[in-house]
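# Per-entry structural report
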Amino acid sequence: MASRKTLKKHVKMIAGDLFADCVALSMCDSVNKEELELIMKEVIALYQDFVARISHTDKCKAKAYYKHFKAEFTEQVNALSDRIIKC
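Residues numbered from 1 in each chain as written. Predicted model: local features only at pLDDT ≥ 70, side-chain atom pairs only at ≥ 80, totals over all residues. Heavy atoms only, no water.

Let us look at the packing of helix α2 (residues 33–55) against helix α3 (residues 62–86). Two elements in contact, α2 and α3, have axes separated by 11 Å at closest approach and are oriented at 170°. Judged on the interaxial angle alone, α3 and α2 are roughly antiparallel. For the pair formed by α2 and α3, the contact residues are E35, L38, I39, E42, V43, L46, F50, R53 and I54 on the first element and Y65, Y66, H68, F69, E72, F73, Q76, V77, L80, R83 and I84 on the second. In terms of residue class, the contact of α2 with α3 is built from 13 nonpolar, two polar and five charged. (Axes fitted to C-alpha atoms, helices over the stretch in contact; angles between N-to-C directions. Helix = DSSP H or I, 4+ residues; strand = E, 2+ residues; numbered from the N terminus. Parallel < 35°, antiparallel > 145°, perpendicular 65-115°, else oblique. Contact = heavy atoms within 4.5 Å. Nonpolar A, V, L, I, M, F, W, Y, C, P; charged D, E, K, R; others polar.)

Written out as structure tokens, the structure is:
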């Protein structure tokens, strides 16, 4: 298992990339700006939620916890990425 600090940096980097994609896409004229703003809010909420979850783990069940954490984070990031592409 990687350190919590490293894991938080990776979550921040991925959320930052998603947010940057939204900002870049918002400069286009043919985009639904309301939907894009909603996605940006969800990216911020995703970041805050997952960083908070990293901070509060049980050392006895760490391996299973982080396996589930990774699967859930990947699923949500992929869903947000698909929504960004559809905008």
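Picking up after the structure, the text goes on.
Another aspect to go through is the packing of aromatic side chains. By the definition in use, this model includes six aromatic pairs. Seen in terms of ring centroids, F50 and F73 are 5.1 Å apart; in terms of plane orientation they differ by 70°. Their pairing is edge-to-face. Note that F50 is positioned in helix α2 and F73 in helix α3, a separation of 23 residues in sequence. Ring geometry for F69 against F73: centres 6.3 Å apart, planes inclined by 5°, an arrangement best described as stacked. With F69 and F73 both in helix α3 and four residues apart, the pair spans about one turn of that helix. (Phe/Tyr/Trp six-rings, centres within 6.5 Å; stacked < 30°, edge-to-face > 60°.)

Attention now moves to the packing of helix α1 (residues 4–26) against α3. At a closest axis distance of 11 Å, the pairing of α1 and α3 adopts a crossing angle of 10°. Our classification of the angle between α1 and α3 gives roughly parallel. Residue-level inspection shows R4, L7, V11, I14, L18, D21, C22 and L25 of α1 in contact with α3, the latter providing Y66, F69, F73, V77, L80, S81 and I84. Class assignment of the residues belonging to the contact of α1 with α3 gives a composition of 12 nonpolar, one polar and two charged.

This model, assessed by the stated rule, comprises four salt bridges. Between E42 and R83 there is a salt bridge, with its nearest N and O atoms 2.5 Å apart. Of this pair, E42 sits in helix α2 while R83 sits in helix α3, and the two are 41 residues apart along the sequence. Judged by its relative accessible area of 28%, E42 is partly exposed. For R53, the salt bridge goes to E72, with nearest N and O atoms at 3.1 Å. Placement of the pair is R53 in helix α2 and E72 in helix α3, with a sequence separation of 19 residues. A single network of salt bridges, built from pairs that share partners, joins E35, E42 and R83. (Salt bridge = Lys/Arg side-chain N within 4 Å of Asp/Glu carboxyl O. Buried < 20%, exposed > 50% of the residue type's maximum accessible area, 1.4 Å probe, protein only.)

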